[in-house]
Amino acid sequence: MTDISRILDQIKSHLLQELQPQDPEAIVSVRKTSLGWLTVQVVTDCFEGKTLAEREEKIDNLLAAVKLNLGQYPIASYSLLTPQEEFEQPDESIQLPLWSDVLMAPDPNHRASIEKDMPNRPQIVTFYSFKGGVGRSTALGMVAILLVNRNRRVVIIDFDLEAPGISILLRPDAADGNGVQNYGVLDYIHQRYLTPNENIPAIEDCIHQVNLPSRGELFLVPAGEYNENYVHRLAELDRRTWQSLYKGETNPVQQLIKDIKEQIDPDVILIDARPGFNDTGAIALLDLADTGVICFSPTDQSFDGLRWVIQAARKQSDYQGKPDLRFLLTPMPTLAEDQLDSWITKAEDWIVEHWGLPDGVSVGELYYKIFYNPNIAALSSLINAPVNLLNDYLPIVDAIDASLPDIKPVIPATATTGNRETILNELHFEAARAQDLQADSIPTIFQRTEDFPKFLSNRTWLVRGAKGTGKSILFRLFIEQSDRAKELANTDVDLTICQFVAAHGESRLRASILSSENLANYEQQVGENSWAIFWLNYAILQLFSNFSELSSIPELNNGLAALIAEEYLTQASIVEWLVQRTQSPQAIPQASDELRKIDRWLNENNKSVWLLYDELDAGFGFGSDSYARRRRALETLLAWWLESGTSLKRIVPKIFLREDIWNQLSFVNKGHYVGRSLQLSWDEADLWRLVLRQALQSSSTLSQALEQEFGITVGRLETFELGQLRRSLYPLWGERMGRGKKAFTYNWVRTRIADSNENCFPRSLVLLLKEAVCNEKEAVRNEKNFSTEYSSEIVLRPKSLIDAFPTVSQQRVDEVRNEYPELEEPLNRLQGERSPIDEKRLSDIWNVQDGELSLRIKEMVEAGILRERSRPKDPPPRIYSIAELYLYGLGMVRKGQR
């Protein structure tokens, strides 16, 4: 701890120790200034009725014990107040928004807050860079053009008065060409400094329209007429001038913004700021901006200067609630993947350390990347820039656009206004696990994904995916609702003659399915190397139990026919039969012959069978012995089908397997499953179809509104493209999460239901909506006012989704604990820790080292909880981040969260 920090703690603890016996509610606040001094505030009833001199004397007497007093270093200022005086004291503010004034100001007692859900128009966005030459003006121009393409009315202000940039990039189309004087920012501010009561030049003479073939409109306020007089006027704008402008009755800078708003009524004002510690750059970023886009290349040289910029912006934001910051990494060089990841990780860590993470925002939402492109450097004008260059800037445009109100309501007011409470009462989202669903509700809940046609192919034997990606509901659909499954498959393949058999799954499905205890009992009786004959006989058993006609085949095992004929088929009798079938030296050839005879019988009778295997993760039990048994059994199962399955014409396996378990398996010709496997995943369109399916089926009011406006129905879901699906969800949850989040709702939701391996979990998505509906119903019951523009247009406000997310995270963590019992204790020990976290800290909290630590981290990575942030070439210790989906549920916080 530094000396100043030690003195700060000493002052605070000593004064509280002395004052609280007299006043238990006494408050002592001691804060550092940027120059290393301290400001002290004491609030106590002990000051009641005392003069300032008496208060100072009291505190000086108390501080004498630690050899300090209010008038000596390091105490720069102090306030000694009663509670009533503190309550009546006006909020602190920074009088002059220049670098040194902001940095030297003490930290505020209370951070300013703004309505985060409220879309704000116009948004003022300042593009700033500490160093020149990073493509700041180009980025601003590209963003402006893209916003105009979205039918936005945009004003660009060239505030880089020393070296105008954006004015030149847009000059060919901005010049009027009619001999009119080209007034601009400098002319406006300078003349109003000289003659504050004169409207010279008029604002309309400073604004020039840029002609673009777009639906929106673009206007430019240039720096000014670039001649010798420009240089002289600029020279007069020194620090004393700016001080007088900000202390005068009318501030020309703020008047400029006001006049632009009144003259143009823009959606967005984009300001091109001067680089470095320049006064105009400070004003553009610290005074005018709602949002600052900080452009920089992630190098040490950039970081050294930028940290003071960020410190000033953060302090100003604490005082007045703005600016919010986003970061543009530009120009990013073309590097090898590892080196590029290292650059980005370094930038992420720096952003988190210096700016922090606002509530509900992840680090990935704070920055954007623009890679070096020589074609951009060659542009003489941004007008008519190629689409491929413009598209690189779309993420920045999305963030700005997400902070704006929509151009018009997404659906007619009559469609939802007045019906909101009715829709809330009707909406029902089912977030149950596949295993917990009633069989008759499966077809209603099931949503076919883009993977479904590939699953239907007879070449697809292995279906992989993370837990929760839909393997079990797919299994249950075909096993328990086979007629409906065939209907769903009909557009892709005819399964009329196919029968679906549970080769393994939950034992409740059929008496012939063994439980984990009896799988263990089988291995104990016959040894670890008898799994090949097991899977052969187990498949024959399931086929016999589903096709009674097979008992008529004379060559098949009489013992099996007798077993199936038992009135009450027991687990013990099944295990006994399976064990007996291993005794003969010809056991495997005999069983193989029987399976081929069944295959021929199916062919002769024009039938086919899918053997579906589920519950292979939990069906063998839990614990190290069970996991070892599971691995032996599954390696043999997969190898056996590769060896024997291609000879079968009418029997097709469908093996559902958790992705991390698949990755742990090792068997001969494992690579041959390429082309025979499907990795289940949910793309964005799949997710939104799932949401709409449940919403449309549960709320007739919302269903009627969506069909009327968008033409969407349950039957037409599969025909709607991604853009149409996104728009169809606007009445449910709006288009944007509000200006504080700067995200479109669909992006915000999608990133929060994904793990570190980018697997999206549909159950987490549905639970999010289920909890959000509950939040909104509670708000209605409590008669809470809906103060934002969203309240009359959408059913679920951003706040209801944000408040629902911790429940989703907790549910997902509970599922992981259930799926991976061996990880429960390590997960519990992460509570209270910060993400990212390094392997040394993980070693300490888990009390494991070396190989055991590496194994545990590997398990966490495969489970989608951890993602390595460090690169192979980085020095130890390795650093890992925790997926947003798991942070709340684990009781962790993100490093830099504020």
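Please read these numbers as outputs of a predicted model, since none were measured by experiment.

**A word on the sheet that holds strand β20 (residues 879-882)**
Then comes step 1: Strand order in the open sheet formed by three strands is β18-β20-β19, with antiparallel pairing between adjacent strands. Looking at the sheet topology across the chains shown, the edges are occupied by β18 (837-838) and β19 (866-868).
Then comes step 2: Where β18 meets β20, two bridges bridge the pair, whose relative direction is antiparallel. The partner of D838 across the bridge, within β20, is I879.

**Considerations on empty space enclosed by the protein**
Then comes step 1: Overall, the coordinates contain six cavities of 30 Å³ or more when judged by the stated rule.
Then comes step 2: Within this model, the largest cavity holds a volume of roughly 370 Å³.
Then comes step 3: Along the wall of the largest cavity there are 25 residues; nearest its centre are A432, A434, G468, G470 and R763.
Then comes step 4: Secondary-structure elements contributing two or more residues to the lining of the largest cavity are α22 (471-480), α31 (684-698), α36 (762-781) and α37 (798-819).
Then comes step 5: In terms of residue class, the lining of the largest cavity is made up of 11 nonpolar, seven polar and seven charged.

**Points about helix α9 (residues 228-235)**
Then comes step 1: Three or more residues of α9 are buried, namely Y230, R233 and L234. For α9, the angular spread of buried residues about the axis comes to 100 degrees, placing them on one side. Exposed and oriented more than 90 degrees from the buried face of α9 are E228, V231 and A235.
Then comes step 2: On its buried face, α9 sits against α8 (185-194).

**Observations concerning the sheet that holds strand β4 (residues 123-128)**
Then comes step 1: One open sheet accounts for eight strands, arranged β6-β7-β5-β8-β4-β9-β10-β11; its pairing is mixed. Edge strands, defined here as strands with exactly one partner in the open sheet, are β6 (208-210) and β11 (367-371). Direction aside, neighbouring strands of the sheet carry axes that sit 25 degrees apart on average.
Then comes step 2: Note: β4 against strand β9 (residues 291-296), four bridges, orientation parallel. Counterpart to Y128 in the pairing with β9 is I294.

**Some remarks on the nonpolar core**
Then comes step 1: Membership of the largest hydrophobic core comes to 84 residues, with the highest contact counts inside it found for F455, F478, W535, W610, L611, Y613 and W641.
Then comes step 2: The element best represented in this core is helix α25 (residues 531-546), accounting for 11 residues.
Then comes step 3: For W535, the residues in contact, after removing those within four places along its chain, are Y613, F620, A633, T636, L637 and W640.

**What about the pattern of salt bridges?**
Then comes step 1: Applying the stated criterion across every chain, the model contains 53 salt bridges.
Then comes step 2: Salt-bridge contacts for D401 lead to R736; the nearest nitrogen and oxygen are separated by 3.9 Å. Of the two residues, D401 sits in helix α17 (residues 394-401) while R736 sits in the loop between α34 (730-733) and α35 (745-752), which places them 335 residues apart along the sequence. R736 shares its class with D401; the two are buried.
Then comes step 3: A salt bridge links R736 to E735; the nearest nitrogen and oxygen atoms lie 2.8 Å apart. Here R736 matches E735 in class, with each residue buried.

**Quick look at the environment of L424**
Then comes step 1: Structurally, the position occupied by L424 is in helix α19 (residues 420-426).
Then comes step 2: Residues within four places of L424 in sequence aside, it is in contact with V773, E776, K777, V780, V795 and L796.

**Here we look at unusual backbone geometry**
Then comes step 1: Residue P201 is reached from I200 by a cis peptide bond, and omega for that bond is -10 degrees.
Then comes step 2: Mapped onto the secondary structure, P201 falls in the loop between α8 and β6.
Then comes step 3: Here the bond from T330 into P331 is cis, since omega is -15 degrees, no more than 30 degrees from zero.
Then comes step 4: Inspection of the secondary structure puts P331 in strand β10 (residues 324-332).
Then comes step 5: Of note in the backbone geometry, E615 takes a positive phi value of approximately 60 degrees without being a glycine.
Then comes step 6: Here E615 shows up in the loop between β14 (608-613) and α29 (624-644).

**So, the packing of aromatic side chains**
Then comes step 1: A complete count under the given rule lists 37 aromatic pairs for this structure.
Then comes step 2: Where F455 meets W610, the ring centres are 5.7 Å apart and the plane angle is 85 degrees; that geometry is what we call edge-to-face. Taken together, the positions of F455 in helix α21 (residues 452-456) and W610 in strand β14 put the pair 155 residues apart, joining distant regions of the chain.
Then comes step 3: Given the relative accessible area of 1%, F455 is considered buried.
Then comes step 4: Classification of W610 as buried rests on a relative accessible area of 1%.
Then comes step 5: Here a set of aromatic residues connected by ring pairs shows up, and it is made of F446, F452, F455, F475, F478, F500, W610 and F656.
Then comes step 6: The side chain of R192 reaches across the aromatic face of Y188, ending 3.6 Å from its centre.
Then comes step 7: The ring of F455 is capped by K654, whose NZ or CZ atom sits 4.9 Å from the centre of that ring.

Here is what the cut-offs are and how they apply
- Residues numbered from 1 in each chain as written.
- Predicted model: local features only at pLDDT ≥ 70, side-chain atom pairs only at ≥ 80, totals over all residues.
- Heavy atoms only, no water.
- Pairing = 2+ DSSP bridges.
- Helix = DSSP H or I, 4+ residues; strand = E, 2+ residues; numbered from the N terminus.
- 1 Å grid on protein atoms, 1.4 Å probe; cavity = no way out; pocket = protein on both sides within 12 Å on 5 of 7 lines; lining within 4 Å.
- Points joined across faces, edges and corners; volume = space filled by probe spheres on them.
- Nonpolar A, V, L, I, M, F, W, Y, C, P; charged D, E, K, R; others polar.
- Buried < 20%, exposed > 50% of the residue type's maximum accessible area, 1.4 Å probe, protein only.
- Arc of directions from axis to C-beta.
- Contact = heavy atoms within 4.5 Å.
- Axes fitted to C-alpha atoms, helices over the stretch in contact; angles between N-to-C directions.
- Core = buried A, V, L, I, M, F, W, Y, C linked by side-chain atoms within 4.5 Å.
- Salt bridge = Lys/Arg side-chain N within 4 Å of Asp/Glu carboxyl O.
- Phe/Tyr/Trp six-rings, centres within 6.5 Å; stacked < 30°, edge-to-face > 60°.
- Lys NZ or Arg CZ within 6 Å of the ring centre and 35° of its normal.

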